[in-house]
Amino acid sequence: MAHDEQTRAARLLDAQAKAARLFAEIEKRGLVAPGQGERAVSDQVRDLANELFGTTRHWHKRIVRSGPNTLKPYKENPPDRVLGSDDIVFADFGPIFEEYEADFGRTFVLGDDPVKHRLRDDLPRIFDAGKRHFADTPDITGRQLYAEVERRAAEAGWELGGWHAGHLVGEFPHEWIDGADVESYIAPANDTPLRRTDKAGRTCHWILEIHLVDRGREFGGFHEELLTL
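Residues numbered from 1 in each chain as written. Predicted model: local features only at pLDDT ≥ 70, side-chain atom pairs only at ≥ 80, totals over all residues. Heavy atoms only, no water.

Visitor: Would you mind going over the overall build of the protein in detail, with residue names and values included?
Guide: Regarding its fold elements, the protein presents 4 helices and 9 strands. Beginning at the N terminus, the succession of helices and strands in the protein can be written as α-α-β-β-β-β-β-α-α-β-β-β-β. Its C-alpha atoms give the protein a radius of gyration of 17 Å, near enough to 17 Å, the size a compact globule of 229 residues would have. Each principal axis of the C-alpha atoms in the protein carries an extent, and together these give about 50 × 40 × 30 Å. The buried share among the 229 residues of the protein stands at 50%. Within the protein, counting contacts between residues at least 6 apart in sequence, those at least 24 apart form 63% of the total. Of the side-chain charges in the protein, 31 are positive and 41 negative, and the distance between the mean point of each set is 1 Å. (Helix = DSSP H or I, 4+ residues; strand = E, 2+ residues; numbered from the N terminus. Rg over C-alpha atoms; globule rule 2.2 N^0.38 Å. Buried < 20%, exposed > 50% of the residue type's maximum accessible area, 1.4 Å probe, protein only. Contact = heavy atoms within 4.5 Å. Lys, Arg positive; Asp, Glu negative; His and termini not counted. Charge placed at Lys NZ, Arg CZ, Asp CG, Glu CD.)

Visitor: Got a sec to walk through the side chain of threonine 107? Specific residues and values, please.
Guide: Tracing the sequence through the fold places threonine 107 in strand β5 (residues 104-109). Polar contacts involving the side chain of threonine 107 include one to the main-chain amide nitrogen of phenylalanine 222, which spans 2.7 Å. Discounting residues that sit within four places of it in the chain, threonine 107 has contacts with Ile88, Val89, Phe90, Arg120, Leu123, Gly221 and Phe222. (Polar contact = N/O pair within 3.5 Å; in protein donor to acceptor, adjacent residues only side chain to side chain.)

Visitor: Provide a residue-level description of the pairing of β5, including the pertinent values.
Guide: The buried fraction of β5 is high, at 5 of 6 residues. Relative to β5, strand β2 (residues 88-93) runs antiparallel, the two being bridged by 6 bridges. Note that in β5 the partner of valine 89 across the bridge is phenylalanine 108. (Pairing = 2+ DSSP bridges.)

Visitor: Could you give an account of the pairing of strand β9 (residues 219-226), with specific residues and numbers?
Guide: Burial runs high along β9: 8 of the 8 residues are buried. Sheet analysis places strand β8 (residues 205-214) next to β9, joined by 8 bridges and oriented antiparallel. Looking across to β9, one finds that histidine 211 is bridged to phenylalanine 222. In textbook terms, the turn of a hairpin is the stretch between consecutive antiparallel strands, and for β8 and β9 this stretch comprises 4 residues, one of which, glutamate 218, has a positive phi near 65°.

Visitor: With reference to specific residues and values, describe the side chain of glutamine 16.
Guide: For glutamine 16, the position within the fold is in helix α1 (residues 5-28). We classify glutamine 16 as buried; its relative accessible area is 14%. Setting aside anything within four residues of it in sequence, one finds glutamine 16 in contact with Ala102, Phe104, Glu225 and Leu226.

Visitor: A description of the pattern of salt bridges should follow, citing residues and the corresponding values.
Guide: For the structure shown, the criterion picks out 20 salt bridges. Between arginine 29 and glutamate 25 there is a salt bridge, with its nearest N and O atoms 2.9 Å apart. Judged by relative accessible area, arginine 29 falls into the partly exposed class, the value being 38%. A salt bridge links glutamate 225 to arginine 106, with the nearest nitrogen and oxygen atoms 2.6 Å apart. Pair noted here: glutamate 225 is in strand β9 and arginine 106 is in strand β5, with a separation of 119 residues, a long-range link. Here the salt bridges do not stand alone but share partners, grouping Asp43, Arg46, Asp47 and Arg62 into one network. (Salt bridge = Lys/Arg side-chain N within 4 Å of Asp/Glu carboxyl O.)

Visitor: If you had to explain the environment of isoleucine 140 to someone new, which residues and values would you point to?
Guide: Following the sequence through the fold, isoleucine 140 ends up in the loop between α3 (114-136) and α4 (142-155). Sequence spacing of isoleucine 140 and threonine 192 is 52 residues, and the spatial spacing of their C-alpha atoms is 8.2 Å. What isoleucine 140 contacts, discounting residues up to four positions off in sequence, is His133, Phe134, Leu145, Thr192, Pro193, Leu194 and Arg195.

As structure tokens, this is what we get:
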């Protein structure tokens, strides 16, 4: 069923609020812990989403990555790895709540490594800077926002880990995100304004994702949520 823009925005925000609650419960229950395999943690989070919200569907593959696996972009599928006592770990989930998609990612640090803690703390700061830049630039394109996020990452001493920094999001199944259609992404080749309507005339809503990496130390971190609301 089609919804007006006010309802669509409210549903997307509600989906994100539930995802935030899910991640808070992940931390509260200590699911990300040394000795756990990445796949086992992912399955526990899947079961937790079902327990809390009755969620049984996710619109993209569930990701839990640790150590050097945190360098890998979304499309890769590194071998399952056991979390160590001094690891950095990120989780990226796309649960569907009442036919609306959430896309939410957070980073956890096990142990006291100060560089890993700095990376984790820089992730939301760079996200917030990107969101402010979007808010302050009415005609911003995907290329321009990617460049700003990349600049902020470099200033903090990190690299971006992927070829894009976000994508469209909406109802499930939302307008198909085609890997060959760069206009669906916050990416260097996207010179179209992010504030636009889709083929059905609906307002485009975007996810901003920050994947920071330190290739020399062989780890990275991840943070994502709604950009446009």
